[in-house]
Amino acid sequence: MDAHISQSRVRGRTRAPPSKSYTHRAILAAGYSDGAVVRDALVSADTKATMRAVEGFGGSADREGQTVEVTGFDGRPETPADVIDCANSGTTMRLVTACAGLGENLTVLTGDESLRSRPQGPLLEAVSDLDGRAESTRRNGLAPLVVGDGMTGGTVEIPGDVSSQYITALLMAGAVTDEGIDVELTTELKSAPYVDITLEVLADFGIEAERTDEGFSVPGGQSYRPTGGEYSVPGDFSSMSYLLAAGAVAGSEDEPVVIEGARPSAQGDSAIVDIVRDMGAAVDWNEDAGELTVSPAPLSGTTVDVGDTPDLLPTIAVLGAIADGDTVIENCEHVRYKETDRVSAMAEELSKMGTHVTEEQDCLTIHGGQTDLVGAEVDGRHDHRIVMSLAVAGLVADGETTVAGSEHVDVSFPNFFETMRDLGADVHED
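None of these values were measured; they are calculated from a predicted model.

Definitions and cut-offs
Residue indices follow the written sequence of each chain, beginning from 1 at its first position. A pLDDT threshold of at least 70 governs which residues receive local features in this predicted model, and a stricter bar of 80 or more applies before side-chain atom pairs are shown or counted, although totals over entire chains, interfaces and linings include all residues. Processing note: side-chain calculations cover all non-hydrogen atoms of the structure and skip hydrogens and water entirely. Whether two aromatic rings pair depends on their centres lying within 6.5 Å, for rings of Phe, Tyr and Trp, where Trp uses its six-membered ring; planes under 30 degrees apart make the pair stacked, over 60 edge-to-face, and the rest tilted. Here a strand is any run of E in DSSP of at least two residues, a helix any run of H or I of at least four, and the numbering for each starts at the N terminus. Relative accessibility under 20% of the residue-type maximum defines a buried residue, over 50% an exposed one, and the middle range a partly exposed one, all with a 1.4 Å probe and only protein chains included. The rule for a salt bridge is simple: a side-chain nitrogen of Lys or Arg has to be within 4 Å of a carboxyl oxygen of Asp or Glu. A pair of strands is labelled paired if DSSP reports no fewer than 2 bridges between them. Fitting a line to C-alpha atoms yields each axis, with helices limited to the stretch in contact; the angle taken between N-to-C directions then spans 0 to 180 degrees. Between two residues, a contact is recorded if the distance between any of their heavy atoms is within 4.5 Å.

Colleague: Outline the packing of aromatic side chains, supporting the account with residue identities and numerical values.
Modeller: Following the criterion strictly, the structure yields nine aromatic pairs and no others. Pairing Tyr242 with Phe416 gives two aromatic rings, centres 6.3 Å apart and planes at 80°, and the pair type is edge-to-face. Highlighted residues: Tyr242 in helix H7 (residues 237-250) and Phe416 in helix H12 (residues 416-422), separated in sequence by 174 residues. In terms of burial, Tyr242 and Phe416 fall into one category: buried. Feature note: the residues Tyr32, Phe57, Phe73, Phe205, Tyr224 and Tyr231 constitute an aromatic cluster, connected by ring pairs.

This is how it looks when you write it as structure tokens:
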């Protein structure tokens, strides 16, 4: 599908979707338990993949609205009757790889073309070093994967600059091994707040895990049991970034955009609040009420290190295209290994809209002072974050912007375009 966006103003009250990162972890944590209820879950293409994995391992995930009642496999995943299809969800594949490593027999994991191009090698090596079996069928570190043979735990080295999801996967699985797992990082950890999310969810499910001088450690022999048998998912700041950006660049002068569900959590992407403020927009965060209020103002370029917040790069790039002066997005090489190479994708697609961009391997500079955004036909690259950020750019571009692949917002924000229309955006899909 295509989304067609014309220059328009947004105003009013809306609610951000639940966190995708927390939902993935909570669903799998409930799977590791003997059963739990996950409330306020994000039900999207990606999180459905994690639910399917839990079912493949012998559990169940029954949904009613945003409530998921999980019957778990109690730390001992069964051998799936078929391959586990992770679709486009890299989080699912990585978290499930370590889980599959616990199995007595073998699990086959696969996904779509994009997911089968994303690196899994360091995690496969880690599972093998912990006495499991983990192989790429093509022997290139990419899915399809074959994993199992009863990973027992121990000490393992792994790089921290490829994906924090490797560490999350090992910590979640390590809690139910006999020996536990000590993770020693061989490089600097990128996207560290995502591991903080993992530690928070683990604690809420009664699991002890901690940072160490070398990396992270989780004792074995533990059981997943959330207080009262329930867990509630907080709102998603990655998704809020598009709503905040829309309010900052296309908000109404007489009525702000108010975003509900913005309660503080370990999410690194809450940094978007300060980024938008630093660029000049008026943002008020009532943390007790969980509400963000944003009003438009002239924006100025800034410099942002996205080492810990890779998912914010598309949003920041769009803000930079509208701001006066240069916006420099640093420490972003790891953002090239997402659903698509998001650094090149944003550079190329914003260029179609008249943006002047300088792309380097680890840095993206948006020359907003030399840019007048114009409507264009742009490609969402089958990537939900590219689609949503380009749609925000379309709110202020001169003329109509057509974003190909609008259906991919289902990965993290299924009702994104409906939400934008409710706020007053001139957008339709066909």
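Colleague: Break down the pattern of salt bridges for me, with residues and values.
Modeller: Applying the stated rule across the entire model yields 20 salt bridges. With a shortest N-O distance of 3.6 Å, Asp311 and Arg385 are connected by a salt bridge. Of the two residues, Asp311 sits in the loop between strand S18 (303-305) and helix H9 (313-322) while Arg385 sits in helix H11 (residues 384-394), which places them 74 residues apart along the sequence. Linking Glu349 and Arg381 is a salt bridge whose minimum nitrogen-to-oxygen distance equals 2.8 Å. Of this pair, Glu349 sits in helix H10 (residues 342-352) while Arg381 is found in the loop between strand S22 (377-379) and H11, placing the two residues 32 residues apart along the sequence. For Glu349, a relative accessible area of 1% translates into the label buried. Among the charged side chains, a salt-bridge network with shared partners connects Arg118, Asp311, Lys338, Glu339, Arg342, Asp383 and Arg385.

Colleague: How would you explain the sheet that holds strand S15 (residues 257-260) if you had to name every residue and give the values?
Modeller: Taken together, four strands build an open sheet; the order of strands is S2-S15-S17-S16 and the sheet is mixed. Both outer strands of the open sheet, strand S2 (12-15) and strand S16 (282-286), are each paired with one neighbouring strand and no more. Taken pair by pair, the neighbouring strands of this sheet meet at an average axis angle of 20°, ignoring direction. Here S16 pairs with strand S17 (residues 291-295) via five bridges, running antiparallel. Looking at S17, one finds that Trp285 is bridged to Leu292. Taken strand by strand, H7 contacts S2, S15, S16 and S17, and its axis lies near 30° from that of S17.

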